[in-house]
Amino acid sequence: MSSSEEALVPDLSKRMFLNYALLCTASLPVIQMMFTYSRFFFPVSSGNPDETVARDIEGNEIKKEDFIKTRKPGTRELVQGPKGDPHYLIISEDGELRPYSLDAVCTHLGCVVPWEAGENQFICHCHGSHYDSTGKVVRGPAPLSLALAHVDVNENGNIVLKTWKEKDFRTDSDPWWK
Ligand code: FES
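Report on the accompanying structure. Remember, it's a predicted structure, so these values are computed and weren't measured experimentally.

## Quick notes on the pairing of strand β4 (residues 100-103)
Here β4 shows no split at all, with Y100 and L102 on one side and S101 and D103 on the other all buried. Bridging between strand β3 (residues 86-90) and β4 involves two bridges; their strand directions are antiparallel. Residue pairing across strands places Y88 opposite L102, the latter belonging to β4. Direction of pairing for β4 relative to strand β9 (residues 148-153): antiparallel, over a ladder of three bridges.

Quick look at the structure:
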């Protein structure tokens, strides 16, 4: 910096330093938010391509014990599952976590299907498809039932969703999503 600039703006170097410090401080929360947000769309793999740690909307891993303790029987709650798709975890009426989850993506044109507790069904608001409480399609235009994934717990107590390769227990047919 030239001495003429110093003369025109008193404490210029000090001001510049404070501006940089302010910029860095303000950037940190933004970077952290962007990182958390991006993790929702790019799930962190456990190393096994057939296995995904379930995450909540903030990208945090979900402990099975915490999940069960803080939800009512009959709950169906969306979490981030395989391929980043929203999946329903289900608490049975006896308070246990069901051993399967449902991919919430409608098999018609891909809307996320909400759970309608009053109807005891998943009902897609886009074009009116209905799925029963196990995700089996009971009214079109959706051509197929909601995809299944196994629900398990890893060594850290976190819920993991695993690829369902066996027959679909609802239709006794091979899984269409394999
Ligand atoms: Fe669900 Fe069309 S996208 S019925």
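## A look at unusual backbone geometry
Geometrically, the link from G140 to P141 is a cis peptide bond, its omega value of 15° lying close to zero. With respect to the helices and strands, P141 occurs in the loop between β8 (137-139) and β9. Its identity is not glycine, yet N120 carries a phi of approximately 55°, on the positive side.

## Observations concerning the environment of R76
Mapped onto the secondary structure, R76 falls in strand β2 (residues 76-80). The class of R76 is buried, set by a relative accessible area of 13%. For R76 and P143, which are 67 residues apart along the polypeptide, the C-alpha to C-alpha distance reads 23 Å. Every residue in contact with R76, bar those within four places of it in the chain, is listed here: Y88, L89, I90, R98, W115, F122 and S133. Side-chain polar atoms of R76 contact the backbone oxygen of G74, separated by 3.0 Å.

## Structural notes on the nonpolar core
Counting 17 residues, the largest nonpolar core has L102, V113, F122 and Y131 as its most contacted members. Breaking this core down by element, the ones donating at least two residues are β3 and β4. With residues near it in sequence (within four places) discarded, L102 still touches P86, H87, Y88, I90, F122, S133, T134, G135, L146, A147, L148 and R170. Counting residues in hydrophobic clusters, the runner-up holds twelve residues, among them I62, V79, I91 and V151.

## Some details on the sheet that holds strand β5 (residues 115-116)
Overall, antiparallel pairing links the four strands, which are arranged β5-β6-β7-β8 in an open sheet. What marks the edges here is a single partner per strand, and that holds for β5 and β8. The pairing of strand β6 (residues 121-123) with strand β7 (residues 130-131) spans two bridges and is classified as antiparallel. If you follow I123 over to β7, its bridge partner there is H130.

Conventions adopted
For every chain, the first residue of its written sequence is number 1, and the numbers climb from 1 along that sequence. Where totals are concerned, whole chains, interfaces and linings use all residues; where local detail is concerned, this predicted model gives features only for residues with pLDDT of at least 70, and gives and counts side-chain atom pairs only at 80 or more. The side-chain values count all of the structure's non-hydrogen atoms but skip hydrogen atoms and water molecules. Note on exposure labels: buried denotes an accessible area under 20% of the residue type's maximum, exposed denotes more than 50%, and partly exposed covers the range between, all computed with a 1.4 Å probe on protein chains only. Helix numbers and strand numbers start at the N terminus; a helix is a DSSP run of H or I with at least 4 residues, a strand a run of E with at least 2. DSSP calls a pair of strands paired once it identifies at least 2 bridges connecting them. Contacts between residues were defined by any pair of non-hydrogen atoms, one from each residue, lying within 4.5 Å. The term polar contact refers here to a pair of N or O atoms within 3.5 Å; inside protein, the definition further demands a hydrogen-donor-capable atom paired with an acceptor-capable atom, and it admits residues adjacent in sequence only when both atoms are side-chain atoms. Take the buried Ala, Val, Leu, Ile, Met, Phe, Trp, Tyr and Cys residues and link them wherever side-chain atoms come within 4.5 Å; each set so joined is a nonpolar core.

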